[in-house]
Amino acid sequence: MRSLLLIALFALCSTVAAQGWSNAPDCDADPDRQFYPHDDCVKYWWCINGEAQLMLCSPWTYFNPQTSRCDFPENVDTSNCRVWTCEADGITYAGTECNEYFECEHGEPVQKFCADGLYYNADTGFCDFPANVDTSTCNGPTTTTSTTTTTPTTTTTPTTTTTSTTTTPTTTTTARTTTTSGPTWSKPPDCDADPGRLFYPHDDCIKYWWCINGEAILMLCSPGTYFNPQTSRCDYPENVDTSNCRVWTCEADGITYAGADCNEYYRCEHGQPVQKFCTDGLYYNADTGMCDFPANVDTSTCNSPTTTTSTTTTTPTTTTIPTTTTTSPTTTTTSPTTTARTTTISGPTWPKPPDCNADPGRQFYPNDECNKYWWCINGEAQLMLCAPGTYFNPQTSRCDFPENVDTSNCRVWTCEADGITYAGAECNEYYECEHGEPVQKFCADGLYYNADTGFCDFPSHVDTTTCNVSAFWDEKYD
């Protein structure tokens, strides 16, 4: 998002240097205050339910104590905080999670993670045992593990970090914790059956169910840890009895596993499970190992989004669309048997939300971009994106193959040159042409895509009636 720096249309804000908190602030001291600056300009503390969480601004933005949000560098007084600089490859900086760090490569900080069971030690610049790291300066697993760990046979450091001699901890090797296998829940437990119980094990060792306000939410442990039913927390593998749950293994690239959210999955790459997301409107089908239509997926085994649009900052990969069905917002139908263009009649399009209450029986309305449509849900219009390679067909009210859709009344996305951008469905989402294909991107925290300028911009400069505004950003930045 280097283009963010091109938006120099805003006057330099007058800011005053403020105290930075390298350690977690006392959230209870000022219950009404949510945000505290960190002594690293790119970080800040967020008080949530009385607990301070260390957060990271999006690339090329810094936390602005005057506005309590991430902002452009030119608007932030950095005299009282440290700016990350990458003057040479190999320089490292601590991330927000204790096992996370950033290493300079080709002039840019690149996110890395320590090997399982190790934390980044900012004093040495290497990954180390948790006992040697000040965990008050980072987010440790909320489910911290027993204080004694099995000592690795060698001290592991990132393969991309310059090696140096580190002191081997004196921690002694401990025997495997004795646990007893018990029941697991592949589907949501009944939280009301035992109101005092918060956590239930899943039949995937890395997952667990968390009862919040009587609803079971599927959660994932941090990489390198499993859920321990005996302690109701995520723990090191050597402390967990995995005889009653499934361990994810990546014996070959391409193996996939279902994530916690219905549109999320993990794909083995180079021996590690890598998070991926299905294209808009599709869910991961664990039975077939592919993204599929929601009607074909057992959504009781995952967290269904309130809408089918994706809001994650991870760039989804293009996945295989099932060959036996065509994309449909409501029904699964047999693929067209002919490639002849269907005769359709051009009608009105809605660049802005239609009045869903004007025709309560109507669910779908075409947008003026061929691959978008409006979906009326509980009287509110949600902007949706068809799966890649399909357009919305107003005649059938479903996404269809291009040869079956009359595109004379809507705009087709074309990627004649790299760098061309198009607005997505979410206000902070856009698509940028790369190698002839539109690639999903997201603006930095607190910014929305401005279709008039082709850049990310402040929300006040964007017509938010043409996109879905995230309730999270409304609450955070109002």
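A quick note: this is a predicted structure, and the numbers were derived from the prediction, not measured.

K.L.:
Can you help me understand the environment of Val439 in this one?
P.N.:
Relative to the elements of secondary structure, Val439 occurs in strand β30 (residues 437–442). For the pair Val439 and Tyr422, spaced 17 residues apart in sequence, the C-alpha to C-alpha distance is 9.7 Å.

K.L.:
Just checking my understanding: could you explain the pairing of strand β8 (residues 108–113) for this structure?
P.N.:
For a regular strand, side chains alternate in direction, first toward one face of the sheet and then toward the other. In this structure, strand β7 (residues 100–105) lies alongside β8, joined through 6 bridges in antiparallel fashion. Across the sheet, residue Glu100 finds its bridge partner in β8, namely Phe113. The hairpin formed by β7 and β8 contains 2 residues between the paired strands, and His106 there has a positive phi angle of roughly 55 degrees.

K.L.:
Got a minute to help me understand the nonpolar core in this structure?
P.N.:
One recurring pattern in soluble globular proteins: nonpolar side chains tend to sit buried together. Formed by 13 residues in total, the largest nonpolar core has its most connected members in Trp374, Leu385 and Trp413. Sorting the residues of this core by element identifies β24 (372–377), β25 (380–385) and β29 (429–434) as the ones contributing at least two each. By residue number, the principal contributor to this core is β25, which donates 3 residues. With 11 residues, the next largest nonpolar core counts Trp46, Cys57, Tyr93 and Phe102 among its residues.

K.L.:
How do you make sense of the pairing of β29 when you look at a structure like this?
P.N.:
Pairing of strand β28 (residues 421–423) with β29, which is carried by 3 bridges, proceeds in the antiparallel orientation. What sits directly across from Ala423, in β29, is Tyr430. If you look at the hairpin formed by β28 and β29, you'll find 5 residues sitting between the two strands. Direction of pairing for β29 relative to β30: antiparallel, over a ladder of 6 bridges. Bridging across to β30, Cys433 finds its partner in Pro438. Between the end of β29 and the start of β30, which pair antiparallel, lie 2 residues, with His435 showing a positive phi angle near 55 degrees.

K.L.:
Just checking my understanding: could you explain the sheet that holds β29 for this structure?
P.N.:
Remark on secondary structure: sheet strands pair via backbone hydrogen bonds, oriented parallel or antiparallel. With antiparallel pairing, 3 strands are arranged side by side in an open sheet as β28-β29-β30. One side of each edge strand has no neighbouring strand; the edge strands of this open sheet are β28 and β30. Each neighbouring strand pair of the sheet contributes to a mean axis angle of 30 degrees, computed without reference to strand direction.

K.L.:
What is the right way to look at unusual backbone geometry in this model?
P.N.:
With the exception of glycine, the majority of residues adopt a negative phi angle, and the majority of peptide bonds are in the trans configuration. Phi is positive for His435, close to 55 degrees, though the residue is something other than glycine. Classification of His435 as exposed rests on a relative accessible area of 74%.

K.L.:
What should I look at first to understand the packing of aromatic side chains in this one?
P.N.:
The description of two aromatic rings rests on the distance between their centres and on the angle between their planes. If you walk through the whole model with that rule in mind, you get 21 aromatic pairs. The structure contains a cluster of three or more aromatic residues connected by ring pairs, namely Phe35, Tyr44, Trp46 and Phe63. A cation over an aromatic ring shows up here: Arg197 above the ring of Tyr200, its NZ or CZ 4.0 Å from the ring centre. If you follow Arg362 out to its NZ or CZ, it ends over the ring of Tyr365, 4.0 Å from the centre.

K.L.:
Would you take a moment to explain the sheet that holds strand β18 (residues 272–277) for this structure?
P.N.:
In spatial order, the strands read β16-β17-β18; together these 3 strands make up an open sheet with antiparallel pairing. Two strands close off the open sheet at either side, each with one partner strand: β16 (256–258) and β18. The average undirected angle you get between the axes of adjacent strands in this sheet is 30 degrees. In this sheet, strand β17 (residues 264–269) lies alongside β16 in antiparallel orientation, the contact comprising 3 bridges. Paired with Ala258 across the two strands is Tyr265, which belongs to β17.

K.L.:
What is the right way to look at the state of the cysteines in this model?
P.N.:
All chains considered together, the criterion is met by 17 disulfides. Here Cys41 engages in a disulfide with Cys81; their sulfurs sit 1.9 Å apart. In this structure, the disulfide formed by Cys41 and Cys81 twists by about 100 degrees around the S-S bond and is classed as right-handed. With Cys41 in the loop between β1 (35–37) and β2 (43–48) and Cys81 in the loop between β5 (69–71) and β6 (92–94), this pair connects stretches of sequence that are 40 residues apart. Between the sulfur of Cys427 and that of Cys467 lies a disulfide, 2.0 Å long from S to S. Residues Cys427 and Cys467 are joined by a disulfide whose S-S torsion is about 90 degrees; by sign, that bridge is right-handed. In this pair, Cys427 is assigned in the loop between β28 and β29 and Cys467 in the loop between β32 (455–457) and α1 (471–477), connecting sequence segments 40 residues apart. For Cys467, a relative accessible area of 11% translates into the label buried.

K.L.:
I tried to follow the confidence of the model for the protein on my own but got confused; where do I start?
P.N.:
Keep in mind that low pLDDT regions are not for reading the predicted coordinates in detail. Here the protein averages 74 in pLDDT, while 75% of its residues score no lower than 70. Within the model, the stretch residues 142–180 combines pLDDT values under 50 with 62 contacts to residues more than four positions away or in other chains. Long-range and interchain partners of residues 471–478, a stretch whose pLDDT sits below 50, account for 15 contacts in this model, where long-range means more than four residues apart.

K.L.:
Just checking my understanding: could you explain the pattern of salt bridges for this structure?
P.N.:
When charged atoms on two side chains of opposite charge get close, those side chains can pair. Inspection of the entire model under this criterion finds 12 salt bridges. Between Asp204 and Lys207 there is a salt bridge whose closest N-O contact spans 3.5 Å. For the pair formed by Asp204 and Lys207, the shared burial category is buried. A salt bridge links Asp463 to Lys352; its shortest N-O distance comes to 3.2 Å. Taken together, the residues span a long stretch of sequence, with Asp463 in the loop between β32 and α1 and Lys352 in the loop between β22 (333–334) and β23 (364–366) at a distance of 111 residues. Overall, the relative accessible area of 41% leaves Lys352 in the partly exposed class. What emerges from the salt-bridge pattern is a single network uniting Asp40, Lys43 and Arg82.

Parameters at a glance
Residues numbered from 1 in each chain as written. Predicted model: local features only at pLDDT ≥ 70, side-chain atom pairs only at ≥ 80, totals over all residues. Heavy atoms only, no water. Helix = DSSP H or I, 4+ residues; strand = E, 2+ residues; numbered from the N terminus. Pairing = 2+ DSSP bridges. Core = buried A, V, L, I, M, F, W, Y, C linked by side-chain atoms within 4.5 Å. Buried < 20%, exposed > 50% of the residue type's maximum accessible area, 1.4 Å probe, protein only. Axes fitted to C-alpha atoms, helices over the stretch in contact; angles between N-to-C directions. Phe/Tyr/Trp six-rings, centres within 6.5 Å; stacked < 30°, edge-to-face > 60°. Lys NZ or Arg CZ within 6 Å of the ring centre and 35° of its normal. Disulfide = S-S within 2.5 Å. pLDDT = per-residue confidence, 0-100. Contact = heavy atoms within 4.5 Å. Salt bridge = Lys/Arg side-chain N within 4 Å of Asp/Glu carboxyl O.

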